[in-house]
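The chain contents come next:
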Amino acid sequence: MKNYLPVNSQNMEKIFNLSKSRLTNGICNLFYTKKEDICKIKKCAYHMLSTLRCASILENQLSFENCDITALFISQTSAAAYIAEEKGSSVFIEPPRTSCRIKCCPQLLEYAVLTLIYCGLMQNEAVKIGMKVRKSTAEIYCNSNMPNKCSLEYLIIKKAAEFHDGRLIEYNCGAANKAIMSFPLRHTDKNLKNYNILFPADIITDKFSSAMVILSQL
């Protein structure tokens, strides 16, 4: 398995500096938050947890598993739509019409999908996210701009694309903006384990799920 972020790379230093800055800001916000403002304290804590998780995913090597990416996409986006609705935002979902089992890194795809939703909702009150599965490729798209290239969010999506030998595309045409991640489909491998996909209800009720942590900043 190719390691896209070798230990001595400039990327590692960038991840460290970004993480350090975000954690420092989170700690400062905690110190200046009144103890009565529980919601703000929780938001700061989620912000720091999100930073640590992003850094961990970017720094560590991940493995492939067999996974139905259609089911994965639907479970994560459905949970995200529910969380966003509670915060006054909307997520519209366009899933593939058929199931698609492939060899992939499910954790990276989950984070990429959720990060695209989060970045889209930071720009607009509503976001549309979809997935298209063709004969040999999959495409995840969101009607938003790509995250800033100097952010952890961009590095997460970039690693998800690179890890799956894919690419990132940003389409801008007036008010029509679209961030796209496409990657080739790999056949399942009988020697790999099958990824356990959670139901949306399980994701929502888990206070430390990826969806809850990433979308807590809305």
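Residues numbered from 1 in each chain as written. Predicted model: local features only at pLDDT ≥ 70, side-chain atom pairs only at ≥ 80, totals over all residues. Heavy atoms only, no water.

## A short note on the layout of surface pockets
Estimated volume of the largest pocket: approximately 280 Å³. Taken together, 13 residues form the lining of the largest pocket, with Lys42, Tyr46, Lys87, Lys207 and Met212 sitting closest to its centre. When contributions to the lining of the largest pocket are tallied by element, the ones reaching two or more residues are helix 2 (38-59) and helix 3 (69-86). Of the residues in the lining of the largest pocket, the class split is seven nonpolar, one polar and five charged. (1 Å grid on protein atoms, 1.4 Å probe; cavity = no way out; pocket = protein on both sides within 12 Å on 5 of 7 lines; lining within 4 Å. Points joined across faces, edges and corners; volume = space filled by probe spheres on them. Helix = DSSP H or I, 4+ residues; strand = E, 2+ residues; numbered from the N terminus. Nonpolar A, V, L, I, M, F, W, Y, C, P; charged D, E, K, R; others polar.)

## Some points on the nonpolar core
By size, the foremost hydrophobic cluster in this structure holds 59 residues, and its most contacted members are Ile69, Val91, Ile117, Ile129, Ile140, Met181 and Phe183. Considering every element that reaches this core, the biggest residue donor is helix 4 (residues 106-123), with 11 residues. Apart from the residues lying within four places of it in its own chain, the contact partners of Ile140 are Phe73, Val113, Leu116, Ile129, Gly130, Met131, Ala179, Ile180, Met181 and Phe183. (Core = buried A, V, L, I, M, F, W, Y, C linked by side-chain atoms within 4.5 Å. Buried < 20%, exposed > 50% of the residue type's maximum accessible area, 1.4 Å probe, protein only. Contact = heavy atoms within 4.5 Å.)

## Some words on the confidence of the model for the protein
Predicted confidence across the protein gives a mean pLDDT of 89, with 94% of residues reaching 70 or more. Residue range residues 1-8 is modelled with pLDDT below 50. Its contacts to residues more than four positions away, or to other chains, number 18 contacts. (pLDDT = per-residue confidence, 0-100.)

## Quick look at helix 2
In this model, helix 2 (22 residues) spans 32 Å end to end at C-alpha, consistent with the 32 Å of a helix rising 1.5 Å per residue. Within helix 2 the residues assigned to the buried category are Cys44, Tyr46, His47, Met48, Ser50, Thr51, Cys54, Ala55, Ile57 and Leu58. (Expected span 1.5 Å × (residues − 1).)

## Considerations on the pattern of salt bridges
Applying the stated criterion to the full structure yields four salt bridges. The shortest N-O distance in the salt bridge between Glu94 and Lys128 comes to 3.7 Å. Here Glu94 is found in strand 2 (residues 90-94), whereas its partner Lys128 is found in strand 4 (residues 126-133), with 34 residues between them in sequence. Exposure remark for Glu94: the relative accessible area of 31% places this residue in the partly exposed category. Residue Lys128 is classed as partly exposed on the basis of its relative accessible area of 36%. (Salt bridge = Lys/Arg side-chain N within 4 Å of Asp/Glu carboxyl O.)

## What to know about the packing of aromatic side chains
Throughout the structure, instances matching the rule amount to one aromatic pair. Residue placement shows Lys132 over the ring face of Tyr141; its charged tip is 5.6 Å from the ring centre. In this structure, Lys178 is placed above the aromatic ring of Tyr141, and the distance from its NZ or CZ to the ring centre is 5.0 Å. (Phe/Tyr/Trp six-rings, centres within 6.5 Å; stacked < 30°, edge-to-face > 60°. Lys NZ or Arg CZ within 6 Å of the ring centre and 35° of its normal.)

## Considering the side chain of Asp68
Along the chain, the position of Asp68 falls in strand 1 (residues 65-68). An unpaired buried charge is present at Asp68: no salt bridge exists, and Arg101, the closest side chain of opposite charge, is 6.0 Å distant. Leaving out residues up to four positions away in the same chain, Asp68 has contacts with Ser99, Cys100, Arg101 and Ile197. (Lys, Arg positive; Asp, Glu negative; His and termini not counted.)

## What to know about helix 5 (residues 152-163)
For helix 5, spanning 12 residues, the distance from its first C-alpha to its last is 16 Å, which sits close to the expected 16 Å at 1.5 Å a residue. By the criterion of burial, helix 5 is predominantly enclosed, with 10 of the 12 residues buried.

## Digging into the environment of Phe183
Looking at the secondary structure, you find Phe183 in strand 7 (residues 176-184). Overall, Phe183 belongs to the buried group, its relative accessible area being 2%. Counting along the chain gives 44 residues from Phe183 to Glu139, while the straight-line C-alpha distance between them is 6.6 Å. Ignoring anything within four residues of it in the chain, the contact list for Phe183 reads Ile102, Leu109, Ser136, Thr137, Ala138, Ile140, His164 and Gly166.

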